[in-house]
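# Coordinate analysis (summary)
In case you want the letters, here they are:
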Amino acid sequence: MQRAAGRTAAGRTTERPAARAGRVRTHRAASPWLFLLPGLGVVAAFVLYPFLSTVHKAFTDARTLTPGTWVGLRNFRDMLDDEQFRVALRNSVLYVVAVVPLTVLLPLLLALLVHKKLPGVTFFRSAFYTPVVASVVVVSLIWGWMLDDRGLVNGILRFLGAGPVAFLGDQWLLLFSAMALTVWRGLGYYMIIYLAALANVPRELHEAAAVDGAGPLRRFVSVTVPALRSTMVLVGALSSVSAFKVFSEVYLLAGPTGGPAGQDTTLVMLVQRTGTGLNGRVGYASALSLAVFVLTLLLMLLVLRADRKEADG
């Protein structure tokens, strides 16, 4: 009788309601992880494993063709004594200081300009965004041709009687030219971010300020800027990381050597130059990469801390 109670008329064992509910809960808990498993596998293979491998190699004297041995903190001590590291760090910090304020302010002004419903504004939006979708290699090569001694810019200067300027031959002019290229390429991208934020600013605030007698500049400072404060912090954080890790613009304008006597080398360029080649110092390049990661993280924390202090103040 007991065996018969546990079976159906067809002879199959019935499943208890509690067991069925437990199995359903288990499947529900496991289902999201099954969907995430392919993405997590890609992240683990192409992000997590290379990062952990870089951290390990940073403490070895590995080279391109040899795994190397454990050397502890020697790579980091050598880094502090490396003149090229100090030059690259100076250039990267200078890049952030010069580029970030411009990429926060200029796209905002551009977004305010194209936000108005004027004839032909769609064309100008597309034109301003074109450098973003263009290849950085193509854009950098065009800028290199324009700034060359026989390029368009120097041709105009000769016509005006100012003489040729060594934009690509002088240490500081080359670095500032690369900064101008970075700012120009980022205008359209950050403009789109600001346009999306401007669409959420209530028009009633501007109308109330106008009724109180506030002019355009006053409305910009008192209404637009506070409403876009979080967006400006986002743009500042994104542009800070991008500027600190700049590579393509400087590399294509200055060449593999990093400009005159390597004085325009950035941190990422130094990592690339140190760790490549048949005899590349992979261990030291990994230590440089780890230093870039830590410095970038500290930069992000400083930006977020400054934003929090301003919000609390």
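You'll find the structure just up there.
Let me sum up the structure you'll find in this document. From a predicted model like this one, the values you see are computed outputs, not experimental measurements.

### Observations regarding the nonpolar core
Nonpolar side chains tend to gather and get buried jointly when the protein is soluble and globular. By size, the foremost hydrophobic cluster in this structure holds 55 residues, and its most contacted members are M79, Y95, Y194, L228, V250 and L288. Looking at this core, the elements that each hand over two or more residues are α4 (83-115), α6 (136-147), α8 (171-198), α11 (229-244), α12 (248-254), α13 (267-275) and α14 (282-312). With 14 residues, the top contributor of residues to this core is α8. Discounting residues that sit within four places of it in the chain, L228 has contacts with L108, Y194, A197, L198 and V201.

### Some words on the packing of aromatic side chains
The tally for this structure, following the rule as stated, stands at nine aromatic pairs. Centre to centre, the rings of F59 and W70 are 5.5 Å apart; their planes meet at 15°, and the pair counts as stacked. One end of the pair, F59, is in the loop between α2 (17-57) and α3 (74-80); the other, W70, is in the loop between α2 and α3, with eleven residues separating them in the sequence. W70 sits in the exposed class, given a relative accessible area of 58%. The interplanar angle of 35° and the centroid separation of 6.3 Å between the aromatic rings of F124 and F128 together place this pair among those described as tilted. Here F124 pairs with F128, and both are found in helix α5 (residues 121-133), just four residues apart, close to one helical turn.

### Regarding the side chain of T266
Considering the arrangement of structural elements, one finds T266 in the loop between α12 and α13. Look at T266 and you get buried, because its relative accessible area is 0%. Within polar-contact distance, the side chain of T266 engages the backbone oxygen of V246 at 3.1 Å. Setting aside residues up to four positions removed in sequence, T266 forms contacts with A88, S92, V246 and V250.

### Notes on the packing of α8 against α11
The interhelical angle for the contact between α8 and α11, taken along N-to-C directions, is 160°, at an axis separation of 10 Å. It follows that α8 is roughly antiparallel to α11 by the angle criterion. Crossing of α8 against α11: the hand is right-handed. For the pair α8 and α11, contact is made by Y189, Y190, I193, Y194 and A197 and by T231, M232, L234, V235, L238 and S239, respectively. For the contact of α8 with α11, the residue count by class is nine nonpolar, two polar and no charged.

### Some details on a nonpolar patch on the surface
Taken together, the side chains of V137, V138, L141, I142, W145, M146, L152, I156, F159 and L160 make up a nonpolar region of the molecular surface, amounting to roughly 1,000 Å² of accessible area. If you list the elements that add at least two residues to the nonpolar patch, you get α6 and α7 (152-159). For the nonpolar patch, the element with the most residues is α6, which contributes six residues. For V137, a relative accessible area of 39% gives the class partly exposed.

### What to know about the side chain of S286
As for its placement among the helices and strands, S286 is situated in helix α14. Taking the relative accessible area as the measure of exposure, S286 reaches 7% and is therefore buried. A distance of 2.8 Å separates a polar side-chain atom of S286 from the backbone oxygen of V282.

Conventions and cut-offs
Residues numbered from 1 in each chain as written. Predicted model: local features only at pLDDT ≥ 70, side-chain atom pairs only at ≥ 80, totals over all residues. Heavy atoms only, no water. Core = buried A, V, L, I, M, F, W, Y, C linked by side-chain atoms within 4.5 Å. Buried < 20%, exposed > 50% of the residue type's maximum accessible area, 1.4 Å probe, protein only. Helix = DSSP H or I, 4+ residues; strand = E, 2+ residues; numbered from the N terminus. Contact = heavy atoms within 4.5 Å. Phe/Tyr/Trp six-rings, centres within 6.5 Å; stacked < 30°, edge-to-face > 60°. Polar contact = N/O pair within 3.5 Å; in protein donor to acceptor, adjacent residues only side chain to side chain. Axes fitted to C-alpha atoms, helices over the stretch in contact; angles between N-to-C directions. Parallel < 35°, antiparallel > 145°, perpendicular 65-115°, else oblique. Left-handed = near helix turned anticlockwise from the far one by under 90°. Nonpolar A, V, L, I, M, F, W, Y, C, P; charged D, E, K, R; others polar. Patch = residues over 30% accessible without salt bridge, like charges linked within 9 Å, V, L, I, M, F, W, Y side chains within 5 Å. Areas by Shrake-Rupley, 256 points an atom, 1.4 Å probe, with all protein chains shown as cover. Salt bridge = Lys/Arg side-chain N within 4 Å of Asp/Glu carboxyl O.

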